[in-house]
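The residues making up each chain are set out below.
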Amino acid sequence: MITITSAFDSGNIEVLSVDGDTAQLAIRRDHQSDFYQWFHFCIAGAAGREVTLRIMNCAGSAYPLGWPGYRARFSDDGDDWRQTATDYDLSSGVLTIRHTPAGERVWFAYHAPYSMERHRQLVERIGAMPGVTTRELGRSLDGYPIDCLDIGSGPTQVWLYARQHPGEPMAEWWAEGALELLASDDPVARRLRAAATLHVVPNMNPDGSVRGHLRTNAAGANLNREWIAPSAERSPEVLCVLAAMDATGVDYAMDIHGDESIPYVFMAGFHGIPSWTDQQGLAYDRFGELLAGRTRDFQTKHGYPLAGAGRANLSMSTNQLAERFGAVAMTLEMPFKDNDDAPDPERGWSPARSKALAHDCLATLADVIEKAG
Ligand code: ZN
């Protein structure tokens, strides 16, 4: 008999039934919200035997197109995450994972998780390095600090913020890669620290992260729809970050996400903001072209449709920051599936690739800022 638990940091699964080595499961909705897609759970008692895990409610998830072609991640140690046999049946909306655990316990997740404990250690480790200042910008509704690390002394103001959507942990892997580079002796880091002051918020949504949410905070708010009028009651995370941005101004901003459906890395910009200028748009395009030239893990062909003139949604951070500050603002999307231009059959899109992409983004940013200066 197998046992299944999700009673841990970022855990999410509901056990409907267990019959021998087959389990019927469902993903829990975000608190006070209809969103769900993130799962993370542990199976015990099946060493050496194939288990069949059927997630029954995938058709009603936030992004049903995220399931075809997707492969679930498993880990024997909570550290190294690989893909395992996964099938999605379009007619029933059931995702079936088949796996033979090597040991007594095995973890499954939608993508390699990034725990709050790892977040705490990241802030302490990078915050202790020379030239790095750590600030608590505010608190979430559940009482977690909204941590910000400031690095560099140049005049250009850069904001990098990740994980407004908590069930997109690739965003915080990216932030870890960015912080490790920025605090290092790497020539790119030295150039950026001289040209810019960088403010990094590695996790905008700790409540949702711990609760195992896909998209919302403890009040059921989608933080990336709160940027017109954030409030202490509903979205204190955005309120405190936007106040800190108002204090510094913003020249460049990157909002880091994962996309459930599209198997490529891409960016979304701020087309359709009221104060759009072609110069601002060209600077955005230039960044994307340079990044695509630097790595196969970025491209500009696949992505979201562009908003028409005046149609931008200003409750989304990238549009709000481009409008409010005239910033070159970018939403970076990494896949839950894989990058089909350079697939990795073993791990899919992985933490190592998120971190490597952060390095390429920062090298591109250094080029762009120096050229603009
Ligand atoms: Zn997102």
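Cut-offs used in this document
Residues numbered from 1 in each chain as written. Predicted model: local features only at pLDDT ≥ 70, side-chain atom pairs only at ≥ 80, totals over all residues. Heavy atoms only, no water. Domains from an automatic or database assignment. Contact = heavy atoms within 4.5 Å. Buried area = accessible area lost by both parts, 1.4 Å probe. Salt bridge = Lys/Arg side-chain N within 4 Å of Asp/Glu carboxyl O. Polar contact = N/O pair within 3.5 Å; in protein donor to acceptor, adjacent residues only side chain to side chain. Axes fitted to C-alpha atoms, helices over the stretch in contact; angles between N-to-C directions. Helix = DSSP H or I, 4+ residues; strand = E, 2+ residues; numbered from the N terminus. Parallel < 35°, antiparallel > 145°, perpendicular 65-115°, else oblique. Left-handed = near helix turned anticlockwise from the far one by under 90°. Nonpolar A, V, L, I, M, F, W, Y, C, P; charged D, E, K, R; others polar. Buried < 20%, exposed > 50% of the residue type's maximum accessible area, 1.4 Å probe, protein only. Donors = N, O, S within 2.8 Å, 3.2 Å for Na, K, Ca; no water. Tetrahedral: all angles 85-135°; square planar, octahedral: opposite > 155°, others 65-115°. Pairing = 2+ DSSP bridges.

**Q** Even after reading the chapter, I still don't get the domain arrangement of the chain, so can you show me in this structure?
**A** Often, the extent of an interface is quoted as the loss of accessible area on bringing the components together. Examined at the domain level, the chain breaks down into domain 1 (3–109) and domain 2 (116–372). Once you take the C-alpha centre of each, domain 1 and domain 2 turn out to be 28 Å apart. Facing the 27 residues of domain 1 at the interface are 26 residues of domain 2. Between domain 1 and domain 2, roughly 2,100 Å² of surface is buried when both sides are summed, and carbon and sulfur atoms account for 47% of that area. Taken together, domain 1 and domain 2 are joined by two salt bridges. Remark: the boundary between domain 1 and domain 2 carries 20 residue pairs in polar contact (both at pLDDT 80 or more).

**Q** Where do I start with the packing of helix 3 (residues 187–195) against helix 8 (residues 351–372) in this structure?
**A** Any two packed helices are characterised by how steeply their axes cross, that is the angle between the axes, and by the distance between the axes. Where helix 3 meets helix 8, the axes come as close as 9 Å, and the angle between the chain directions of the two elements is 45°. One finds that helix 3 runs oblique with respect to helix 8. The handedness of the crossing between helix 3 and helix 8 is left-handed. The segment helix 3 lies against helix 8, with V188, R191, L192 and A195 engaging L362, A363, L365, A366, D367, I369 and E370. Considered class by class, the residues forming the contact of helix 3 with helix 8 number eight nonpolar, no polar and three charged.

**Q** Hey, could you run me through the environment of Y88 in this one?
**A** By the element assignment, Y88 lies in strand 8 (residues 86–89). What makes Y88 buried here is its relative accessible area of 17%. Spatially, the C-alpha atom of Y88 lies 35 Å from that of D142, the residues being 54 residues apart in sequence.

**Q** Got a minute to help me understand the coordination of the zinc ion in this structure?
**A** For a metal with four donors in a tetrahedral arrangement, the ideal angle between donors is 109.5 degrees, while six donors in an octahedron ideally sit at 90 or 180 degrees. The protein atoms that coordinate the zinc ion are H165 (ND1), E168 (OE), E168 (OE) and H257 (ND1), at distances spanning 2.1 to 2.4 Å. Geometry at the zinc ion is irregular, judged from the four donor atoms that bind it and their angles of 57 to 149° at the metal.

**Q** Could you clarify how one ought to interpret the sheet that holds strand 7 (residues 82–83) in this entry?
**A** Across a sheet, strands are paired by hydrogen bonds formed along the backbone, either parallel or antiparallel in direction. An order of 1-4-10-6-7 is seen for the five strands of this open sheet, with the pairing classed as antiparallel. Because the sheet does not close on itself, it has two edges, and the strands there are strand 1 (3–5) and strand 7. Bridge count between strand 6 (residues 73–75) and strand 7: two bridges; the pairing is antiparallel. Across the sheet, residue R73 finds its bridge partner in strand 7, namely Q83.

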